[in-house]
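Chain by chain, the residues:
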Amino acid sequence: MGAQESDERTDETATGGTGRRALLGAAVLGAGGTVLGLGGTARAAESRPGASRRGGRGLKGLPVPTVIGHRGASGYRPEHTFGAYDLALDLGADIVEAGDLVPTRDGHLVCRHEPEIGGTTDVADHPEFADRERTKLLDGVSATGWFTEDFTLAELKRLRAVERIPANRPHNTLYDGRWGIPTFEEVLRWQNEQTRERGKQVWIYPELKHPTYFRKLGLGTEELLARLLRKHGKDKKNSPVIVQSFEPTSIQRMSRLVGNPLAVLLSGANSRPWDFVENGDPRKVADLVTPKGLKEIASYAQGIGPTLDLVIPRDAAGNLAEPTTLVRDAHRAGLILHPYTMRNENPFLPANFRKGGDPDAYGDVFGAFRAYFATGIDGVFTDHPDTGLLAREDFVNG
């Protein structure tokens with residue numbers, strides 16, 4: 001998920017105290033991601049009839065509601081690192097969002113939250129790259145920093161990943177510098193290795209970031225991604241790779257290049273996808289979530305990834321209001337829904353599920369999960385996959 005996320009706006013402002021609340025049922029220890037007390041839960045969620053499976057291959061074989069590790073287990077490790085990806089699987093995630101995909105200058109796809117990497121790597125500590133700092137217009141917004149398209153892959157491999165929101169997740173800074181920047185080709189190989197080692201198909205959910213921006217730079221990321229999927233034999237209808245983007249025309253382009261399941265990400269109702277802005281399409285997300293808009297999406301995609309606020313809006317006080325008809329309307333159009341993003345920390349939860357005044361403490365995240373699951377969503381992105389598994393177990397057991 002990207003900068004378009006409505007809940008991401010709080011990432012930079014929710015930076016209060018550093019207290020952390022121990023989560024029920026799990027303790028996560030060490031760089032290797034040893035997990036205590038979760039193995040039985042994860043296995044039960046996979047095998048129990050209540051964690052329903054649609055039946056069949058591909059998307060239909062996944063548990064419902066599906067728990068998707070958002071950028072890995074990014075609540076516990078710096079996002080988009082193999083440490084975060086490994087831990088997401090250890091914690092029981094059904095799918096790992098392994099790859100917000102941005103290109104290098106020499107045409108390689110790498111996994112970073114945004115093309116600007118000043119906040120997710122130690123690039124600022126490399127004097128040899130000081131002259132690469134730039135101010136650019138990224139989807140109409142001025143951004144200053146270091147951008148992947150100004151580096152070769154060999155240069156990026158000299159950098160190390162760091163925690164993106166250290167004020168909210170100070171414990172994650174313990175792992176700053178431990179892992180580098182993965183390429184998506186490395187992720188595809190990792191997927192194969194993990195599938196063999198775990199004896200279970202590992203699914204991934206890469207996102208194409210800012211494809212219109214990169215296409216104007218001569219870096220067609222859809223074609224780069226399609227080439228890699230074909231090379232590794234993962235470009236079919238039942239391939240365990242779901243491709244997503246906030247730009248509908250990018251997903252349309254992918255539908256002509258590969259057979260993979262595809263999903264359109266949807267930000268706030270009043271926002272416009274950047275490809276619409278560039279192409280002069282006046283529609284907003286509010287138009288795309290109507291029955292007519294959903295029917296159009298279903299002509300080239302299999303799912304949508306709406307912000308949680310499109311499923312249940314928040315009132316003026318930040319509390320959950322009444323659910324919309326989005327789940328019903330999307331299902332009628334034949335689309336699955338994987339909303340984003342559930343996080344344990346108070347600042348990211350609806351106001352009526354926060355506990356106390358510590359902005360870094362955990363709130364009543366299980367209550368929030370229960371409210372969202374009750375709408376009938378097919379799955380959810382979460383920074384804390386272990387919490388998602390426990391919440392699913394609570395939900396399906398009544």
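A. Quick peek at the sheet that holds strand 12 (residues 207-208). Reading across from one edge, 8-7-12-13-14-15-16 is the order of the seven strands in this open sheet, with mixed pairing throughout. Because the sheet does not close on itself, it has two edges, and the strands there are strand 8 (109-111) and strand 16 (336-337). The sheet contact formed by strand 7 (residues 100-103) and strand 8 spans three bridges and is antiparallel. Within the sheet, the bridge partner assigned to Pro103 lies in strand 8 and is Leu109.

B. Seen up close, the pattern of salt bridges. With the rule as written, the count across this model stands at 27 salt bridges. As a salt-bridge pair, Arg158 and Glu128 come within 3.1 Å of each other at their nearest N and O atoms. On the criterion of sequence distance, the pair formed by Arg158 in the loop between helix 3 (153-156) and helix 4 (184-198) and Glu128 in the loop between strand 8 and strand 9 (134-138) is long-range, its members being 30 residues apart. Residue Arg158 is classed as partly exposed on the basis of its relative accessible area, which comes to 44%. Arg328 is the salt-bridge partner of Asp329, the closest N and O atoms lying 3.1 Å from each other. Accessibility expressed as a relative area gives 43% for Arg328, which makes it partly exposed. Several salt bridges converge on common partners, so that one network encompasses Arg71, Glu79, Asp100, Glu114, Arg164 and Lys209.

C. Broad picture of the side chain of Asn168. By the element assignment, Asn168 lies in the loop between helix 3 and helix 4. A polar atom in the side chain of Asn168 sits 3.0 Å from the side chain of Asp360.

D. How the structure looks around the packing of helix 4 against helix 6 (residues 221-231). In contact at an axis separation of 11 Å, helix 4 and helix 6 are set at 30° when each is read in the N-to-C sense. Considering the angle they form, helix 4 stands roughly parallel to helix 6. When the axes of helix 4 and helix 6 are compared, the crossing they make is right-handed. Of the residues in helix 6, those touching helix 4 at Phe184, Glu185 and Leu188 are Leu225, Leu228, Leu229 and Lys231. Per-class residue counts for the contact of helix 4 with helix 6 are five nonpolar, no polar and two charged.

E. Structural view of the packing of aromatic side chains. Across all of its chains, the model carries ten aromatic pairs by this definition. With centroids separated by 5.7 Å and ring planes inclined at 50°, the aromatic side chains of Tyr85 and Trp190 adopt a geometry described as tilted. Placement of the pair is Tyr85 in helix 2 (residues 82-90) and Trp190 in helix 4, with a sequence separation of 105 residues. Residue Trp190 is classed as buried on the basis of its relative accessible area, which comes to 4%. Taking the centre distance of 5.9 Å and the plane angle of 85° together, the rings of Phe246 and Tyr340 count as edge-to-face. One end of the pair, Phe246, is in the loop between strand 13 (243-245) and helix 7 (248-257); the other, Tyr340, is in the loop between strand 16 and helix 13 (365-373), with 94 residues separating them in the sequence. One exposure class covers both Phe246 and Tyr340, and it is buried. What links up through ring pairs into an aromatic cluster is the set Phe82, Tyr85 and Trp190. The ring of Tyr175 has Arg77 sitting right over it, with the charged end atom 4.2 Å from the ring centre. Seen from the ring of Phe348, Arg343 lies directly overhead, with NZ or CZ sitting 5.1 Å from the centre.

Procedures and definitions
- For every chain, the first residue of the written sequence is number 1, and numbering continues from 1 along that sequence.
- For this predicted model, a pLDDT threshold of at least 70 governs which residues receive local features, and a threshold of 80 or more governs which side-chain atom pairs are given and counted, while totals over whole chains, interfaces and linings are taken from all residues.
- Values shown for side chains rest on all heavy atoms present in the structure; no hydrogens or waters enter the calculation.
- We call two strands paired when DSSP finds no fewer than two bridges between them.
- Where helices and strands are cited, they refer to DSSP runs of H or I of at least four residues and of E of at least two residues respectively, numbered from the N terminus.
- Any carboxyl oxygen of Asp or Glu within 4 Å of a side-chain nitrogen of Lys or Arg constitutes a salt bridge here.
- Three labels apply to residues, based on accessible area from a 1.4 Å probe with only protein chains included: buried if under 20% of the type maximum, exposed if over 50%, partly exposed otherwise in between.
- Pairs of N or O atoms are called polar contacts if they sit within 3.5 Å, as long as, within protein, a hydrogen donor faces a hydrogen acceptor (for residues adjacent in sequence, only side-chain-to-side-chain pairs).
- Note on method: axes are straight lines fitted to C-alpha atoms, helices fitted across the in-contact stretch only, with angles between N-to-C directions ranging 0 to 180 degrees.
- Any angle between 65 and 115 degrees counts as roughly perpendicular, while under 35 counts as roughly parallel, over 145 as roughly antiparallel, and the rest as oblique.
- In this scheme the crossing of two helices becomes right-handed for a clockwise turn of the near helix relative to the far one and left-handed for an anticlockwise turn of less than a right angle.
- Only heavy atoms enter the contact rule, under which two residues are in contact if any of them lie within 4.5 Å.
- Gly is placed with the polar residues, together with every amino acid not listed as nonpolar (Ala, Val, Leu, Ile, Met, Phe, Trp, Tyr, Cys and Pro) or charged (Asp, Glu, Lys and Arg).
- Only Phe, Tyr and Trp rings take part, Trp by its six-membered ring, and two of them pair if their centres are within 6.5 Å. Stacked means planes under 30 degrees apart, edge-to-face means over 60, and tilted covers everything else.
- As a reminder, the over-ring test applies to NZ of lysine and CZ of arginine, requiring each to be within 6 Å of the ring centre and within 35 degrees of the ring normal.

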